[in-house]
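# A look at the structure
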Amino acid sequence: MKKEFYIKNMVCDRCKMVVQQITERFLANAEEIQLGRVVLNIPQDFDEKKFSKALLKDGFELMQHPEIQLSEAIKVELIHLIENNNSEENISSYLANQLHKDYSLLSKTFKKTEGQTIEKFFIKLKIEKVKELIQMNKFSFSEIAYRLDYNSINHLSNQFKNLTGTTMSEYKNSQDWNRISLDK
């Protein structure tokens, strides 16, 4: 029998591999694995509760409620937006196009389920990406600002300081690099 599952905290290719391994332990055949979604051919004796517990052990969570599923889809798309440097398009148009829903619905749903706006969440994601790029030590602060579509280094610097409490230079020099993974 074919069944579709929505899984919270799948944000990278390693996540897909872990979910693939879990499905194999349950003798399920993964027909399709995408970030946040998997389509399985499951055996007759498939135990969804045990599958859910196995996912939880590795930091994933089965999602049942459609609003939570939509919020996770929004998160995945925002991560794609940052990772693929597609920031030329504004967030509202991008999400509406990708998810085939009106942005006001997306915005209300996200605020309701996550307790913050899409924009605030996106800024937090961008700042985590800034931390990653600083740690790579390949780009100047100006190049990082450009890569993440900031109008100026000052705008990025202000957002970084507001969210982290330190300047980008202090962060770089401290090497006390506490980052939050994108799935958190």
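Provided above is the structure to which this section pertains.
This text gives an overview of the structure that appears in the document. Note that the structure is predicted; figures quoted are calculated from it, not measured.

### Observations regarding the nonpolar core
Ranked by size, the top nonpolar core spans 29 residues in total, and within it Ile 74, Leu 78, Leu 95, Leu 106, Ile 118, Val 130 and Leu 156 carry the most contacts. Within the residue set of this core, elements represented by two or more residues are helix H3 (66-83), helix H4 (91-99), helix H5 (103-114), helix H6 (118-136), helix H7 (141-147), helix H8 (153-164) and helix H9 (168-174). Per-element tally for this core: the top contributor is H6, with eight residues. If we skip the residues at most four places from it in the chain, Leu 156 touches Ile 127, Val 130, Phe 141, Ile 144, Ala 145, Tyr 150 and Met 168.

### Looking at unusual backbone geometry
In the Ramachandran plot, His 100 falls in the positive-phi region, its phi being about 55 degrees despite a non-glycine side chain. Mapped onto the secondary structure, His 100 falls in the loop between H4 and H5. Residue His 100 is classed as exposed on the basis of its relative accessible area, which comes to 69%. One non-glycine residue, Asn 137, adopts positive backbone phi at about 60 degrees. Looking at the secondary structure, you find Asn 137 in the loop between H6 and H7. Residue classification places Asn 137 among the exposed residues on the basis of a relative accessible area of 53%.

Quick notes on the rules
- Residues numbered from 1 in each chain as written.
- Predicted model: local features only at pLDDT ≥ 70, side-chain atom pairs only at ≥ 80, totals over all residues.
- Heavy atoms only, no water.
- Core = buried A, V, L, I, M, F, W, Y, C linked by side-chain atoms within 4.5 Å.
- Buried < 20%, exposed > 50% of the residue type's maximum accessible area, 1.4 Å probe, protein only.
- Helix = DSSP H or I, 4+ residues; strand = E, 2+ residues; numbered from the N terminus.
- Contact = heavy atoms within 4.5 Å.

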